Amino acid sequence: MAEPLFRALEIVLPRLANANGPHVTIDGLENIPEHGGAVLAVNHTSYLDWYPASIAALQRHRRLRFMIKAEMTEVPVVNYVIKHIKLIPVDRSAGAGAYDEAVARLRQGELIGLNPEATISRSFELREFKTGAARMAYSAGVPLIPVIVWGIHRVWTKDHPKHLWRNHIPVLAKIGEPMSAAADVAATTTELRNTMAAMLEAAQLEYPHPAGAYWVPRRLGGSAPTMAEALEMRAAELAERDRKRIEQAQGGRRRRILAERSSR
């Protein structure tokens, strides 16, 4: 399959990871179909959740195209990668175009990855799910595959320093059995979340969790925020984002008024 940049990344990234970490162990690889479309629903604890899921797809000789927030296209280097490996940018205020593109690609036999939680969980527990994964799978008539990644949040997550080099951090990726999406997408989404919650607990039981570590959920003895605390932090984050947008809009309006006055 042509796509020089994608092929280069397939060669380079695993070699970098082997030399520097993280080290990914995959369970349930056979659940990724060798042919045909499928939606891979991945939990969201890190900026790098895509990596273990993509490695799993690569081991099945497949390419996984993730849906990514449209703001990332504003970064020139990232936008170049998005275009050349055919990721799907999502404008969260108007996502219909991205949804239609994803469904079309699924019908063409591609693997599409997304995070049903939509944003990183600071508690490292599952947030509430959006219904997009179930809706896409149902519309395209393809299976919905639950994926849990655990440990990659130690490499790079919100509010904490990155550990991208020489980390040798163990990462678990659990691929669940394919699910059929029903017309009742709310029921399918609930089933998906329940399945992924059980898979997450299984992954955590296999993984050592030092007491007090920032990346360990509170219920496992760590110092990560509780779900309630994480929700409060997210609300504050969104409020600050809105404040900055309003300030930028007001600043732009003031500049236009001054420009009009100076031109008179």
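About the thresholds
Residues numbered from 1 in each chain as written. Predicted model: local features only at pLDDT ≥ 70, side-chain atom pairs only at ≥ 80, totals over all residues. Heavy atoms only, no water. Helix = DSSP H or I, 4+ residues; strand = E, 2+ residues; numbered from the N terminus. Rg over C-alpha atoms; globule rule 2.2 N^0.38 Å. Buried < 20%, exposed > 50% of the residue type's maximum accessible area, 1.4 Å probe, protein only. Pairing = 2+ DSSP bridges. Axes fitted to C-alpha atoms, helices over the stretch in contact; angles between N-to-C directions. Phe/Tyr/Trp six-rings, centres within 6.5 Å; stacked < 30°, edge-to-face > 60°. Lys NZ or Arg CZ within 6 Å of the ring centre and 35° of its normal. UniProt positions renumbered as here; feature names shortened; annotations may be inferred. Salt bridge = Lys/Arg side-chain N within 4 Å of Asp/Glu carboxyl O.

Asks: Explain the overall build of the chain to me, please; I cannot follow it from the model alone.
Replies: A tally of helices and strands in the chain yields seven helices and seven strands. Listed N to C, the secondary structure of the chain is α-β-β-α-β-α-β-α-β-α-β-β-α-α in terms of helices and strands. Rg of the C-alpha trace for the chain: 20 Å, near the compact-globule value of 18 Å for 264 residues, within the 12% margin. By principal-axis analysis of the C-alpha atoms, the chain measures approximately 70 × 45 × 45 Å. Each of the 264 residues in the chain was classed as buried or not, and the buried ones make up 45%.

Asks: Help me understand the sheet that holds strand β4 (residues 88-90) in this model?
Replies: As a general point, the strands of a sheet are linked pairwise by backbone hydrogen bonds and lie either parallel or antiparallel. Strand order in this open sheet of seven strands is β1-β7-β6-β2-β5-β3-β4, and the pairing throughout is mixed. The open sheet has two free edges, formed respectively by β1 (23-27) and β4, since each of these has just one partner strand. In this sheet, adjacent strand axes meet at a mean angle of 25 degrees when their direction is disregarded. The pairing of strand β2 (residues 38-42) with strand β5 (residues 111-114) spans four bridges and is classified as parallel.

Asks: I would appreciate a short explanation of the packing of aromatic side chains in the present structure.
Replies: Think of a pair of aromatic rings as described by two things: how far the centres are apart, and how the planes are tilted against each other in angle. Enumeration over the complete set of coordinates arrives at three aromatic pairs. Between Y207 and W215, the aromatic rings sit 5.9 Å apart at their centres with planes inclined by 85 degrees, giving edge-to-face as the arrangement. Of the two residues examined, Y207 and W215, each falls in the buried class. Against the face of F6 rests R63, its NZ or CZ located 4.8 Å from the ring centre. One Lys or Arg, R193, reaches over the ring of F129 and ends 6.0 Å from the middle of that ring.

Asks: Looking at this model, I keep getting lost on the UniProt feature "domain: Phospholipid/glycerol acyltransferase" (unreviewed entry) in the chain. Mind explaining?
Replies: Those residues carrying the UniProt feature "domain: Phospholipid/glycerol acyltransferase" (unreviewed entry) are residues 38-152 in this numbering. Across residues 38-152, helical content stands at 35% and strand content at 22%; the span's end C-alpha atoms are separated by 23 Å.

Asks: Quick question: what am I supposed to make of the pairing of strand β6 (residues 144-150) here?
Replies: Working note: regular strand, side chains alternate between the two faces of the sheet. The element β6 is extensively covered by neighbouring structure, given that seven of its seven residues are classed as buried. Burial along β6 is two-sided: L144, P146, I148 and W150 and I145, V147 and V149, pointing in opposite directions, are all buried. Sheet topology places β6 next to strand β7 (residues 170-175); four bridges connect them, and they run antiparallel. Directly across from V147, in β7, lies its bridge partner I175.

Asks: Would you take a moment to explain the pattern of salt bridges for this structure?
Replies: Oppositely charged side chains may form a pair once their charged atoms are brought near each other. If you walk through the whole model with that rule in mind, you get 18 salt bridges. R63 serves as the salt-bridge partner of E3, at 3.4 Å between the closest nitrogen and oxygen. Residue E3 is found in the segment before α1 (4-20), and its partner R63 is found in the loop between α2 (50-59) and β3 (64-69); the two are separated by 60 residues along the sequence. Exposure class is identical for E3 and R63. Each is buried. E125 is the salt-bridge partner of R219, the closest N and O atoms lying 2.6 Å from each other. One end of the pair, R219, is in the loop between α6 (185-205) and α7 (227-263); the other, E125, is in the loop between β5 and α5 (132-140), with 94 residues separating them in the sequence. Through salt bridges with shared partners, one network takes in E3, R7, E10, R63, R65, E101, R105 and E110.

Asks: Explain unusual backbone geometry here, please?
Replies: Generally, phi is negative for residues other than glycine and the peptide bonds are trans, each holding for most cases. Following G21, the chain continues into P22 via a peptide bond in cis, with omega recorded as -5 degrees. Checked against the element boundaries, P22 lands in the loop between α1 and β1. Notably, K86 is not glycine yet its phi reads approximately 60 degrees, a positive angle. Here K86 shows up in the loop between α3 (76-84) and β4. Its relative accessible area of 41% is what places K86 among the partly exposed residues.

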